[in-house]
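# Structural overview for review
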Amino acid sequence: DNHAEPNLQEQQGCTALMYASKNGHEAVVRLLLDNHAEPNLQEQQGCTALMFASQNGHEAIVRLLLDNHSDPNLQEQQGCTALMAASQNGHKTVVRLLLTNCANPYLHTQQGYKAMTYASRDCHIKISLMLLKAEYTNFWQGTLEETMMKIVTITILFHLCLGTHHLIQLGF
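So, how was this worked out
- Residues numbered from 1 in each chain as written.
- Predicted model: local features only at pLDDT ≥ 70, side-chain atom pairs only at ≥ 80, totals over all residues.
- Heavy atoms only, no water.
- Helix = DSSP H or I, 4+ residues; strand = E, 2+ residues; numbered from the N terminus.
- Buried < 20%, exposed > 50% of the residue type's maximum accessible area, 1.4 Å probe, protein only.
- Contact = heavy atoms within 4.5 Å.
- Areas by Shrake-Rupley, 256 points an atom, 1.4 Å probe, with all protein chains shown as cover.
- Axes fitted to C-alpha atoms, helices over the stretch in contact; angles between N-to-C directions.
- Parallel < 35°, antiparallel > 145°, perpendicular 65-115°, else oblique.
- Left-handed = near helix turned anticlockwise from the far one by under 90°.
- Phe/Tyr/Trp six-rings, centres within 6.5 Å; stacked < 30°, edge-to-face > 60°.

Further remarks concern the overall build of the chain. Check the secondary structure of the chain and you find nine helices and zero strands. Its helices and strands taken in sequence order, the chain reads α-α-α-α-α-α-α-α-α from the N to the C terminus. Buried residues in the chain amount to 38% of all 172 residues. In the chain, of all internal contacts separated by at least 6 residues, the share reaching a separation of at least 24 is 66%. For the chain, the exposed area adds up to about 10,000 Å²; of that, 56% sits on carbon and sulfur atoms.

Packing of helix 4 (residues 59-67) against helix 6 (residues 92-100) leaves a shortest axis separation of 9 Å and a crossing angle of 15 degrees. Considering the angle they form, helix 4 stands roughly parallel to helix 6. The two elements helix 4 and helix 6 cross, and the hand of that crossing is right-handed. Contact residues: helix 4 offers Glu-59, Val-62, Arg-63 and Leu-66, while helix 6 offers Thr-93, Val-94, Leu-97 and Leu-98.

What follows deals with the packing of aromatic side chains. Counted under the stated rule, the structure contains one aromatic pair. Relative to Tyr-118, the ring of Tyr-113 has its centre 5.7 Å away and its plane inclined at 85 degrees; by these criteria the two rings are edge-to-face. On the basis of relative accessible area, Tyr-113 is assigned to the partly exposed category, the value being 34%.

Encoded structure:
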C-alpha cells in the first residue's frame, strides 16, 4: 500500500503491465490490473500490453487483459494489431480468443497486410482457415478487390492443404 503508480511509463513509453504481459508473468499482470493499471496505454511505437501478450502466445494473460477491457483493435504506428501479432507467430488459441472478443480481421497495416496475410505468409494454415472463416461471415463485405483477394486466398490455401496432404501420403 505504498501507492505506487501502476501506469508509470519509462522513457520508451512501456509500463510494468506491458513488460509483465510480454514476459508471461500472469500473477504480476493480475496484480497490476487489480491496482488499476490501464490496459490500453500505448508505448512510443503504439504497442499495447495485449499486443505483447498476443505476440508471445500468453493465452491466460490475453484473457485477463480482454476481461479488463483491453481493446483488441488498437493499432500500433505501422497498423499492426494484437490479432496480426498472434497470427504471424502461430498462436492459434490466442487468435481464437481475440476473434471471439471482437478482434477485427479486416484491419490492415499501412502496407495493406491483414492478419490473414501474416498467417498465410508464415504457413500457419489452421490460423489462416480460422481467419478465413471469420472473414467469410461477411465474405462479400468490402471492395471488389478485397473480395477477389479472399477468393485468391481460398484458392492458395486449398492448394497448400492439398499439397500437404500429398506430401504426407508420400511419407514426407
